[in-house]
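Structure at a glance
For reference, the chains in residue letters:
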Amino acid sequence: MGDRAKLRLARRVSKSTADPGPRTTHPRPAEDLPEFDRTIHERIRLGIISALAINESLSFNDLRRLLKTTDGNLSVHARKLEDAHYVTCSKFFEGRIPRSEYRLTPAGKRALEKYIEQMEDLIRRTRKN
Amino acid sequence: MLWMLEGHSHRVRRPHSRFRPAPQRALEDLRYIRDTMERSSTFTATSGWGQVLMGLTAIAAALAARPQSARGWLSVWLVEALLAVVIAVTAMQAKARRSGLPLTSGPGRKFALGFLPCVVVAIVFTIALARLGLTRLLPGVWLLLYGAGVITGGAFSIPLLPAMGFCFAAVGTLALFLPAWGNALMAAGFGGLHIVFGVWIASQHGG
């Protein structure tokens, strides 16, 4: 993802959690709400996707430190994201130490953007009500 | 029990089988996404170009302060310090705005919390040493405290910042033991190091 795209995404999330200001949109009724993506709704998976959205790549250790989770937990969730083709993992050796490096795929980026849109929509609806 | 006799399968139907989180969870999720982005970001609130400008003004100040008396020397560098603060804050605000993150967001706040105690100590030392007429020790004290502030403030930021802090501390140590070279080492530190690391930060970390 290019720097501009990363900045747009960060700016957008920043705006969504800020003071709502005057309401100008007319949210849709509850029945119209689309189904949410369960793959990234889980906290650790959402954290992995969010971190990778503004970093070109992150190592397994970076993600573990950032998300304050265990090796096993992170490994399971990262695998689920890989299975959904939201992230890719490349494994290589640095000297004799094995390393895993994760990157966000275009599908993962789209999934995060869609998820943020849906969350914003839900919040708008609630504020309206 | 009649359902047991019927031939077709029976599944419990939930009124809302589609998955929808609560609005509160939606807000928490968005906050979580923002926090994770901030924590994982290599964004540094420090502006590289701002540092370059600070470096240039520091070199000008060193040239202007060289022929002055102790009092004049101190006045020139205090004006330069105020100017540097204005440049740094303006440049950081501009960079934070461009990046879509508020200046008081994670990286900016962490830097300020680590950096400000050293600034306060530097102010106290400046007043105390100036009153005792020991202005020749000020270059070493300023450079060392600035270095310490950048090391602690930059601990949670990009690795370049602590590296710059260590360089300032090294120049400050020299200045403390070679007070006659104080003004030149101020130019090397606040001028040279700011320019070198400023260009580096600007090229690697978005301005």
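These remarks concern the structure in this document. From a predicted model like this one, the values you see are computed outputs, not experimental measurements.

**Looking at the overall build of chain B**
- Tallying secondary structure elements over chain B gives seven helices and zero strands in all.
- In sequence order, the secondary structure elements of chain B are arranged as α-α-α-α-α-α-α.
- A separation threshold of at least 6 residues defines the contact pool for chain B, and within that pool the share at least 24 residues apart is 75%.
- For chain B, the accessible surface area stands at approximately 11500 Å², while carbon and sulfur atoms represent 70% of it.

**Examining the packing of aromatic side chains**
Residues and elements named next belong to chain B.
- Applying the stated criterion across every chain yields a total of nine aromatic pairs over all chains.
- Judged by centre distance (4.7 Å) and plane angle (65 degrees), the ring pair of Tyr146 and Phe168 falls under edge-to-face. Linking Tyr146 in helix α5 (residues 138-153) with Phe168 in helix α6 (residues 160-177), this pair joins segments that are 22 residues apart in sequence.
- On the numbers, 5.3 Å between centres and 70 degrees between planes, the contact of Tyr146 with Phe190 is edge-to-face. With a gap of 44 residues between them, Tyr146 in helix α5 and Phe190 in helix α7 (residues 182-204) connect regions that are remote in the sequence.

**Details of the nonpolar core**
- Membership of the largest hydrophobic core comes to 36 residues, with the highest contact counts inside it found for B:Trp77, B:Trp142, B:Leu143 and B:Phe190.
- Listed by contribution, the elements that provide at least two residues to this core are α2 (48-65), α3 (70-99), α4 (106-131), α5, α6 and α7 of chain B.
- Excluding residues that lie within four positions of it along the chain, B:Leu143 makes contacts with B:Phe168, B:Ala169, B:Val171, B:Gly172, B:Ala175, B:Leu185, B:Met186, B:Gly189 and B:Phe190.
- One finds A:Ala51, A:Ile54, B:Ala26 and B:Met37 within the second-largest nonpolar core, a separate group that totals 35 residues.

**Some remarks on unusual backbone geometry**
Residues and elements named next belong to chain A.
- In the Ramachandran plot, Lys68 falls in the positive-phi region, its phi being about 50 degrees despite a non-glycine side chain.
- Inspection of the secondary structure assignment puts Lys68 in the loop between α4 (60-67) and α5 (71-83).
- A residue is classified by how much of its surface remains accessible, and Lys68, at 68% relative accessible area, is exposed.
- Here His85, not a glycine, exhibits a phi torsion of approximately 60 degrees, which is positive.
- Structurally, His85 is set in the loop between α5 and β2 (87-94).
- The exposure class of His85 is exposed, given its relative accessible area of 60%.

**As for the packing of helix α3 (residues 43-53) of chain A against helix α6 (residues 106-128) of chain A**
Residues and elements named next belong to chain A.
- Relative orientation of the contacting elements α3 and α6 amounts to 110 degrees, with a least axis distance of 10 Å. The angle between α3 and α6 falls in the class roughly perpendicular. Residues Leu46, Ile49, Ser50 and Ala53 of α3 touch α6, and the partners they reach there are Gly108, Leu112 and Tyr115.
- Grouping the amino acids of the contact of α3 with α6 by side-chain chemistry returns five nonpolar, two polar and no charged.

**Section: the pairing of β2(A)**
All names here are of chain A.
- Sheet topology places β2 next to strand β3 (residues 97-104); eight bridges connect them, and they run antiparallel. The residue bridging Glu94 from the neighbouring strand is Ile97, located in β3.
- Between the antiparallel neighbours β2 and β3 lie two residues, among them Gly95 with a positive phi of about 70 degrees.

Cut-offs and rules
- Residues numbered from 1 in each chain as written.
- Chains lettered and ligands numbered in written order.
- Predicted model: local features only at pLDDT ≥ 70, side-chain atom pairs only at ≥ 80, totals over all residues.
- Heavy atoms only, no water.
- Helix = DSSP H or I, 4+ residues; strand = E, 2+ residues; numbered from the N terminus.
- Contact = heavy atoms within 4.5 Å.
- Areas by Shrake-Rupley, 256 points an atom, 1.4 Å probe, with all protein chains shown as cover.
- Phe/Tyr/Trp six-rings, centres within 6.5 Å; stacked < 30°, edge-to-face > 60°.
- Core = buried A, V, L, I, M, F, W, Y, C linked by side-chain atoms within 4.5 Å.
- Buried < 20%, exposed > 50% of the residue type's maximum accessible area, 1.4 Å probe, protein only.
- Axes fitted to C-alpha atoms, helices over the stretch in contact; angles between N-to-C directions.
- Parallel < 35°, antiparallel > 145°, perpendicular 65-115°, else oblique.
- Nonpolar A, V, L, I, M, F, W, Y, C, P; charged D, E, K, R; others polar.
- Pairing = 2+ DSSP bridges.

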